[in-house]
Structure formats: C-alpha cells, structure tokens
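# Survey of secondary and tertiary structure
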Amino acid sequence: MKSLSITGLILLAVSALLFYLTTDFAVEQIKISHIMGIMAGVGIGLIIGGMVGYVSKGSAIKAEQKKKEFKQLQKEKEELEKQAADIAKRQAELESQNKNPQI
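Residues numbered from 1 in each chain as written. Predicted model: local features only at pLDDT ≥ 70, side-chain atom pairs only at ≥ 80, totals over all residues. Heavy atoms only, no water.

Looking at an unreviewed UniProt entry, one finds the chain named DUF1049 domain-containing protein and attributed to Chryseobacterium flavum.

Written out as structure tokens, the structure is:
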C-alpha cells in the first residue's frame, strides 16, 4: 500500500507540473481537455484502488482462514495428546494389576 501511495503522489506531482506548464495556473486557460484529463485520472485511480482493495481483502481473508485452521489443528492435537495420555495411563494400570493379582 505504501508503494501505491508513493506512485499516486508522484503522478499527482507530474500532473500538477504539466498543468502548470500548459496553463500557468490561470483559470481562463483551463479547457475541456483539462477537465477530461482530471476525470480520467480519477477514474483510473478508482479502478486501480478497487483492484488493490479486492486483492488485499482476499489475502486477508485467506490469512484469517489459515489462522483458524491452525488453531483448530492445535485443539485437535491437544485432544489427541490427552487421549494418548489416558490410554497410556490405563495400560499402565492394567499391567500393574496383571503383575500383582490380588486374590
């Protein structure tokens, strides 16, 4: 986003320079071509901004989805570790009962 802002500022400076060179900032010298250029610049800016926003939103959604999946996998891993610990504990209890049968 920073590079897009810098590019926008550079283009704005270039357009101000070209406007100065063609009109000397005199309101009387503004023609319909200047207004068309301004409208075209705004239109192109909106199109580029929309595309960049769409792409960044898509990547943010994908990152959030990956984060949720990672958290879910961590929860499943913890549950499996608990189950494995319970099974190991039960096996140890069964082995101790088999070694020391009480009659």
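### Comments concerning the overall build of the chain
When you go through the chain residue by residue, the secondary structure sums to two helices and zero strands. Here the chain has a C-alpha radius of gyration of 34 Å; the compact-globule value for 103 residues is 13 Å, and the former is much larger. Each principal axis of the C-alpha distribution contributes one length, and for the chain these read about 115 × 15 × 10 Å. Counting every position in the chain, which comprises 103 residues, the buried fraction comes to 3%. Carbon together with sulfur atoms contributes 66% to the accessible area of the chain, which is approximately 9700 Å² in total. Charge centroids of the chain, computed over 14 positive and 11 negative side chains, lie 1 Å from each other. (Helix = DSSP H or I, 4+ residues; strand = E, 2+ residues; numbered from the N terminus. Rg over C-alpha atoms; globule rule 2.2 N^0.38 Å. Buried < 20%, exposed > 50% of the residue type's maximum accessible area, 1.4 Å probe, protein only. Areas by Shrake-Rupley, 256 points an atom, 1.4 Å probe, with all protein chains shown as cover. Lys, Arg positive; Asp, Glu negative; His and termini not counted. Charge placed at Lys NZ, Arg CZ, Asp CG, Glu CD.)

### Comments concerning the layout of surface pockets
Considered as a void within the structure, the largest pocket measures approximately 720 Å³ in volume. What lines the largest pocket is a set of 20 residues, and nearest its centre among them are Leu-11, Leu-12, Ser-15, Gly-41 and Val-42. Counting residues per element, the lining of the largest pocket draws most heavily on helix H2 (residues 32-99), which supplies eleven residues. A class-by-class count of the residues in the lining of the largest pocket yields ten nonpolar, ten polar and no charged. (1 Å grid on protein atoms, 1.4 Å probe; cavity = no way out; pocket = protein on both sides within 12 Å on 5 of 7 lines; lining within 4 Å. Points joined across faces, edges and corners; volume = space filled by probe spheres on them. Nonpolar A, V, L, I, M, F, W, Y, C, P; charged D, E, K, R; others polar.)

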